[in-house]
Amino acid sequence: MKKLLKEFEEKKAEIVFEWNDRETEAEGWVVINSLRGGAAGGGTRMRKGLNRHEVESLAKTMEIKFTVSGPAIGGAKSGINFDPEDPRKEDVLRRWYKAVTPLLKNYYGTGGDLNVNEVEEVIPITESYGLWHPQEGIVTGHYLSSDPQKIRQLGQLRQGVSKKLEDPHFTPALERKYTVADMATGYGVAQSVIHYYDLWNENAEGKRAIIQGWGNVGGAAAYYLAKHGIQIVGVIDRNGGLIKTEGFSFEEIRELFLRRVQNALRADDMLSFEEVNKQIWEVDAEIFIPAAASRLVTREQLDSMISHGLEVIASGANVPFKDPEIFFGAIAEHADQQLALIPDFIANCGMARVFAYLMESEIEITDEAIFHDVSQTIRQALEKVHAQNPEKKNIAKAAFEIALKELLQKDEAATKAALMK
């Protein structure tokens, strides 16, 4: 597996688009790892200190993720090095999307990501530049659809991604009008944990969980886990956190989700970040959901959680461990050898799967149909892993082997087809 992974990591990206904002210090990159299948996809993130290497890493992660979520396209990512709290953020995003619209028209599809909102920012800004939907490039480049087919696919994307959730099974509050895009990834992360325990013959109910990050992924995952009967015992966010060793009630978690301000945790009795960061890694818990920025979890934090009963990690964040390697560094490997590590490209593929589902023919656009499809996609991926490796350790290693072999087989088939022409 390591040899395959090294080969994949070292292969140069097919396209790198670099941008420097003319009015601010913002800089950005679109990295398209490959145009496999004629197109590539990956969201747009913004954070201060982001660099090209991070974007390249995430583009490769997306390529592997598409082996689970579909469609059979290349991986890509957009990243902007800029403070998302800066009041000039919207103007920066507008200039960014104007610059990358030609890519989005023809072969690249994007969406929201860290600090960039799919429904409130990506869709309206790209529409203002003439795109029907920010996934239009995938429909054009990969599906090669006729005009009527393209109109139908883009219409389904427009309807489904921004769809307001109406089924009380999937939304924490009907009156808040949460969308599919708000909740799908966090839902998938929670489902990955539930499916893990089911497939590996354990009951998830009553297990305890620690959540890192309280945005759309971490907050939604906590909500759906609590709804399933899992006890949330700790939350650490960028501005502080909460610990309750006996577990928060479902209603308390729901209220914490509803009280978020700009996707950040808000509570009357919050601990400071310094305080919660000292304590939370020593709280007894079986489940850990890293769902903040990439490359945050240290070896010390991991070992502390393991010593306090940790059983499974479901990666809500892409590449959650503080490793220099793109995918599977020393800390990730250590985690995989000690417990059940559900890799990011399975656990957090929810929104990627929603996009793929909405581009299919003869689908049902309801809350239940969309979320059931996400759940089943993740379960099927874990079933493949379980068939190859029924042990509770080395799950991520087995998942990478399955994905990389699929990618290499497709590359070999494409090369043979090109040589025969």
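Structure's up top.
Residues numbered from 1 in each chain as written. Predicted model: local features only at pLDDT ≥ 70, side-chain atom pairs only at ≥ 80, totals over all residues. Heavy atoms only, no water.

### A few points about the overall build of the chain
This is how the line gets drawn: To qualify as a helix, a DSSP run of H or I must reach at least 4 residues; to qualify as a strand, a run of E must reach at least 2; elements of each kind are numbered from the N terminus. Radius of gyration means the value over C-alpha atoms here, while the globule rule gives 2.2 Å times the residue count to the 0.38 power. Three labels apply to residues, based on accessible area from a 1.4 Å probe with only protein chains included: buried if under 20% of the type maximum, exposed if over 50%, partly exposed otherwise in between. Throughout, a residue-residue contact means that at least one pair of heavy atoms, one from each residue, lies within 4.5 Å. Using a 1.4 Å probe, the Shrake-Rupley method yields the accessible areas, and only the shown protein chains count as cover for residues. Charge assignment in this entry is limited to Lys and Arg as positive and Asp and Glu as negative, and neither His nor the chain termini are counted. Each charge is placed at NZ for Lys, CZ for Arg, CG for Asp and CD for Glu.
Helix and strand counts for the chain stand at 16 helices and twelve strands. Computed over the C-alpha atoms, the radius of gyration of the chain is 20 Å, within 12% of the 22 Å expected from 2.2 N^0.38 for a compact globule of 421 residues. For the chain, the spread of C-alpha atoms along the three principal axes comes to 60 × 45 × 45 Å. Taking all 421 residues of the chain together, the buried fraction comes to 58%. Within the chain, contacts between residues separated by at least 24 positions form 74% of all contacts whose residues are at least 6 apart in sequence. Accessible area for the chain stands at about 17,200 Å²; split by element, carbon and sulfur atoms hold 48% of it. Here the chain carries 50 positive and 63 negative side-chain charges, and the mean point of each set is 4 Å from the other.

### Section: the pairing of strand 2 (residues 27-32)
Our working rule: Being paired, for any two strands, means DSSP has found at least two bridges between them.
Counting buried residues along strand 2, five of its six residues qualify, which places the element largely inside the surrounding structure. Here six bridges tie strand 1 (residues 15-20) to strand 2, and the two strands are oriented antiparallel to one another. Opposite N20, over in strand 2, you have E27 as the bridge partner. The sheet contact formed by strand 2 and strand 5 (residues 74-81) spans six bridges and is antiparallel. Bridge pairing links E27 to N81 in strand 5.

### Some points on empty space enclosed by the protein
Put simply, the rule is: Cavity means a closed set of points on a 1 Å grid over the protein atoms alone, one where a 1.4 Å probe fits but cannot get out, pocket means an open set with protein on both sides within 12 Å along at least 5 of 7 lines, and lining means a residue has an atom within 4 Å of a point. Grid points are joined across faces, edges and corners, and a volume is the space filled by probe spheres set on the points. When residue character is reported, Ala, Val, Leu, Ile, Met, Phe, Trp, Tyr, Cys and Pro are called nonpolar, Asp, Glu, Lys and Arg charged, and the others, Gly included, polar.
Taken as a whole and assessed by the stated rule, the structure comprises two cavities of 30 Å³ or more. Each pocket or cavity is described by its volume, and for the largest cavity that value is around 110 Å³. Taken together, 14 residues form the lining of the largest cavity, with P320, F321, F327, A332 and D344 sitting closest to its centre. Classifying every residue of the lining of the largest cavity by side-chain character gives ten nonpolar, two polar and two charged.

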